[in-house]
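Residue strings, one per chain:
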Amino acid sequence: MRLQHTIAGPVLCAGVGVHSGAHVRVAMKPAPANHGVVFVRSDIPDTAKSGDNRIPASGANLGGTHLATSLRNEAGVEVATIEHLLAACAGLEIDNLVVELDGPEMPILDGSSAPFVRLLEQAGRRAQSAPRRLVRILEPIEVVTDYGRAALLPDPASDLLTLDVTISYRDPVIGAQNLVLPLTPETFARDLAPARTFGFMSDLERMRAAGRGQGASLDNCVVIEDGRVINEGGLRFADEFARHKMLDVVGDLALVGGPIAGRYLAERPGHALNALLVRALFEAPHAWRVEAPAEDLAAAV
Ligand SMILES: [Zn+2]
């Protein structure tokens, strides 16, 4: 029977936000079944209305998607760059978690999900007495923009999400890359979690001039300049770029609110495209249903 999971005990980390440059401390704590992942801004007083500083990781709270994914609650309280932690939670099948942070943006750490995976594994997973409910795709849901396309498709033969991501960049250091992967805790931890975020030095300079990327460095970003990766040690995978894009997809799709059973197929995906797809899913309730896996139904009889 596939049960919901939280962590067995609290874990802490700290670091800078890649865009704000703000130093943030984070405490991840266990949460009850059916709670979901909820961010709590401990630097914002919770006085005006109970729960003002709580921001559930749900598509209903989707905020900005420029360069990273942000959430904003009804009181207007935000948390930015949530996708690498949400990817780790979705990848490791941790459904319920409180994430307290004392700043506006999650720390970027090494630019991948690997530090979050290590922390969550260090905390340990604890099974809870409630079944995991799958979001099963029944009909294709597709979004197309000027720069890319993404779709969720039915996959009746599987309870997993299988991801198929193609990226194409003019710069030959990246070029065209395709990756197909069924998402399990093992494939996530091994094949996606270590892949770091990336950028071109020229974009980084432009971003900094616009007040973004204040915390970006070679310690948390693969940087490309003059036709090569300038980080000491080079890449972690030959196709680290496609892997990181897929990691971002896993984090963004976590905002659906449960594990997806289906196929995700995308060309040139990004945070904005993934946010459009999450919204399209919410707007097409006939195209999916929430279900407990068959063995859970059998166990419940
Ligand atoms: Zn990312």
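A brief look at the structure comes next. All figures in this text were calculated on a predicted structure; none of them were measured in a lab.

All told, the structure shown has three aromatic pairs when counted by the stated rule. Ring geometry for F198 and F241: centres 4.9 Å apart, planes at 85 degrees, overall edge-to-face. Residue F198 is found in strand β15 (residues 198-200), and its partner F241 is found in helix α5 (residues 240-253); the two are separated by 43 residues along the sequence. F241 carries the same exposure label as F198, and that label is buried. Put simply, the rings of Y169, F198, F200 and F241 touch in pairs and so form one group of aromatic residues. Seen from the ring of F237, R243 lies directly overhead, with NZ or CZ sitting 4.1 Å from the centre.

It is worth spelling out the environment of E225 at this point. When you line up the elements, E225 lands in strand β16 (residues 222-225). Relative accessible area serves as the criterion here: at 31%, E225 is assigned to the partly exposed category. For the pair E225 and V135, spaced 90 residues apart in sequence, the C-alpha separation works out to 41 Å. Beyond its immediate stretch of four places on either side in the chain, E225 contacts M201 and I230.

Next up on the list: the pattern of salt bridges. Applying the stated criterion across every chain, the model contains 17 salt bridges. The partner of E100 in a salt bridge is K29, with the nearest N and O atoms 3.1 Å apart. With E100 in strand β8 (residues 97-101) and K29 in strand β3 (residues 23-30), this residue pair connects regions lying 71 residues apart in the sequence. For E100, a relative accessible area of 24% gives the class partly exposed. You can call K29 partly exposed: its relative accessible area is 31%. In this structure, R236 engages D110 in a salt bridge whose closest nitrogen and oxygen atoms are separated by 3.0 Å. With a gap of 126 residues between them, R236 in the loop between β17 (228-229) and α5 and D110 in the loop between β8 and α2 (114-123) connect regions that are remote in the sequence.

Non-glycine residue N34 carries a positive phi angle of around 65 degrees. Secondary-structure assignment places N34 in the loop between β3 and β4 (37-41). N34 sits in the exposed class, given a relative accessible area of 62%. The phi dihedral of L67 falls on the positive side, at around 70 degrees, and the residue is not glycine. Mapped onto the elements, L67 comes out in the loop between β5 (54-56) and β6 (71-72). Take L67: its relative accessible area is 38%, and that puts it in the partly exposed class.

Distances from the zinc ion to its protein donors, H84 (NE2), H244 (NE2), D248 (OD) and D248 (OD), fall at 2.1 to 2.7 Å. Coordination at the zinc ion is irregular: its four donor atoms span angles of 53 to 151 degrees at the metal. Within one chain, the residues donating to the zinc ion are spaced in sequence as H-x159-H-x3-D. Separated by 164 residues along the polypeptide, H84 in helix α1 (residues 83-92) and D248 in helix α5 bring together distant segments of the chain. For the residue pair H84 and D248, the accessibility class agrees, reading buried in each case.

So, on to helix α4 (residues 201-209). Within the span of α4, buried status applies to M201, L204 and M207. Looking straight down α4, one finds that the buried residues subtend no more than 115 degrees of arc, so they occupy a single side. Turned more than 90 degrees away from the buried face of α4, the exposed residues are R206 and A209. Among the structural elements, β15 and β16 are those in contact with the buried residues of α4. Of the residues flanking the end of α4, it is G211, one or two places downstream, whose phi is positive at about 85 degrees.

All right, on to the sheet that holds β17 then. Pairing is mixed across the open sheet formed by three strands, whose spatial order is β15-β16-β17. If you trace the sheet from one side to the other, it starts and ends with β15 and β17, each paired once. For β15 and β16, the ladder comprises three bridges, and the chain directions are parallel. For F200, the partnering residue across the bridge sits in β16 and is I224.

As for its placement among the helices and strands, V98 is situated in strand β8. Sequence separation of V98 and P56 is 42 residues, and the distance between their C-alpha atoms is 9.2 Å. Setting aside residues up to four positions removed in sequence, V98 forms contacts with A27, M28, K29, P30, A31, H35, V38 and V40.

Calculation rules
- Residues numbered from 1 in each chain as written.
- Predicted model: local features only at pLDDT ≥ 70, side-chain atom pairs only at ≥ 80, totals over all residues.
- Heavy atoms only, no water.
- Phe/Tyr/Trp six-rings, centres within 6.5 Å; stacked < 30°, edge-to-face > 60°.
- Helix = DSSP H or I, 4+ residues; strand = E, 2+ residues; numbered from the N terminus.
- Buried < 20%, exposed > 50% of the residue type's maximum accessible area, 1.4 Å probe, protein only.
- Lys NZ or Arg CZ within 6 Å of the ring centre and 35° of its normal.
- Contact = heavy atoms within 4.5 Å.
- Salt bridge = Lys/Arg side-chain N within 4 Å of Asp/Glu carboxyl O.
- Donors = N, O, S within 2.8 Å, 3.2 Å for Na, K, Ca; no water.
- Tetrahedral: all angles 85-135°; square planar, octahedral: opposite > 155°, others 65-115°.
- Arc of directions from axis to C-beta.
- Pairing = 2+ DSSP bridges.

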